[in-house]
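# Summary of structural features
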Amino acid sequence: MDWNKTKTIFIIVFSILNVFLYTMYVNKYNEDMKIEFIGETDNISNRLKEENITFKGQTDESENVSYISGKIKQFSQDELSHLQNQHIQIHNGTDLESKIISPTPLTEITDESLTDFVEHNVYKGGSYKLWKINKEEKEAIFFQSSENRMIYYNQNAEIKIHWNDDLEITRYEQKMFDSLKSFGEKYTLNSTEAVKAILANGYLPANSTVTKTQLGYSTLVLLTETQVLSPTWYIHVVLPKDKKGEKKEVDYFVNAVDGTIVDIEQNAKETELKKQ
């Protein structure tokens, strides 16, 4: 009896069963939450006006998005052979590390220049979107996307680009999901309902301004090799001036199915610490 083969088959079957059972659960859960949550938000609508909360680009149109599941990509040197001017190492099959042999010079660090580098020099770089540029740390973070929607703060779906003082890209790290598939019912809160969820939980003080809302995904369930991702609203808020006259900006993430606030950044940090 080949124990390793039997173990692998068991893991695959277990993962599939978990996803199937979870699909049944979320479908029922969605129906319950659809009625309950919408009823609650009606009472909050007036508070947005009373507390002078500005919502730029507000829309009440719903974007019906399913849950998705995906397996962590296993890289091979053969599929990366077309990438020129790079010394590539693969760790544990899933962690790609590339050192640029002749560092790539950029005229300046911008969204466009970094995106152009990723699209032309990284494996399936077009499936990633720029999330953040940290010029102080000389690092940019790209999140993998599915159907043009970002997967927020998942260690298995991002690229980190690094450059030197001469604005030359010197290296990058990459991880990604493979075979992302949709499942479950297509129902999500609209952006207005997501903002109301923040207000209802006490995270949106008077005189705040919501400057951006964007629908993507966040990690919901961690299985052995498969992860389940839930539709999630990213909401950027400019808070009112503090006593020093300064404005603070903050990001919130709201589960687009049940309206719960998700601390994605903290969850991502805790997941990373567990790996160490």
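Residues numbered from 1 in each chain as written. Predicted model: local features only at pLDDT ≥ 70, side-chain atom pairs only at ≥ 80, totals over all residues. Heavy atoms only, no water.

### Let's talk about the nonpolar core
Formed by 26 residues in total, the largest nonpolar core has its most connected members in V195, L204, W233, I235, V237 and V254. Only α4 (191-200), β11 (209-222), β12 (226-238) and β13 (249-255) provide two or more residues apiece to this core. Ranked by residue count, the leading element in this core is α4, at five residues. Each residue touching V237, except ones within four places of it in the same chain, is listed here: L204, S208, T209, V210, K248, E249, V250 and Y252. (Core = buried A, V, L, I, M, F, W, Y, C linked by side-chain atoms within 4.5 Å. Buried < 20%, exposed > 50% of the residue type's maximum accessible area, 1.4 Å probe, protein only. Helix = DSSP H or I, 4+ residues; strand = E, 2+ residues; numbered from the N terminus. Contact = heavy atoms within 4.5 Å.)

### A word on unusual backbone geometry
Even without being a glycine, N52 presents a positive backbone phi close to 55°. Within the secondary structure layout, N52 lies in the loop between α2 (45-50) and β1 (54-55).

### Brief notes about the side chain of Q86
Relative to the elements of secondary structure, Q86 occurs in strand β3 (residues 86-91). By relative accessible area, which is 11% here, Q86 ends up buried. There is a polar contact of 2.7 Å between the side chain of Q86 and the backbone oxygen of N121. Looking at Q86, its side chain comes within polar contact range of the side chain of Y172, at 2.6 Å. For Q86, the contacting residues outside a window of four places in its chain are S98, K99, I100, I101, N121 and Y172. (Polar contact = N/O pair within 3.5 Å; in protein donor to acceptor, adjacent residues only side chain to side chain.)

### Remarks on the confidence of the model for the chain
In the predicted model, the chain carries a mean pLDDT of 82, and 78% of its residues have values of at least 70. Highest mean pLDDT in the chain belongs to strand β8 (residues 158-163) (98); lowest belongs to helix α1 (residues 3-41) (49). Predicted confidence for residues 32-38 stays below pLDDT 50, and this span has eleven contacts to residues more than four positions away or in other chains. (pLDDT = per-residue confidence, 0-100.)

### What about the pattern of salt bridges?
This structure, assessed with the given rule, holds eight salt bridges. Residues K175 and D95 are paired through a salt bridge, measuring 3.6 Å at the closest nitrogen-oxygen approach. With K175 in the loop between β9 (168-174) and β10 (177-183) and D95 in strand β4 (residues 95-105), the pair connects residues that are 80 residues apart, well separated along the chain. A residue is classified by how much of its surface remains accessible, and K175, at 12% relative accessible area, is buried. With a closest N to O distance of 3.9 Å, E158 and K160 form a salt bridge. Salt bridges sharing partners connect three or more residues here, namely K73, E79 and D178. (Salt bridge = Lys/Arg side-chain N within 4 Å of Asp/Glu carboxyl O.)

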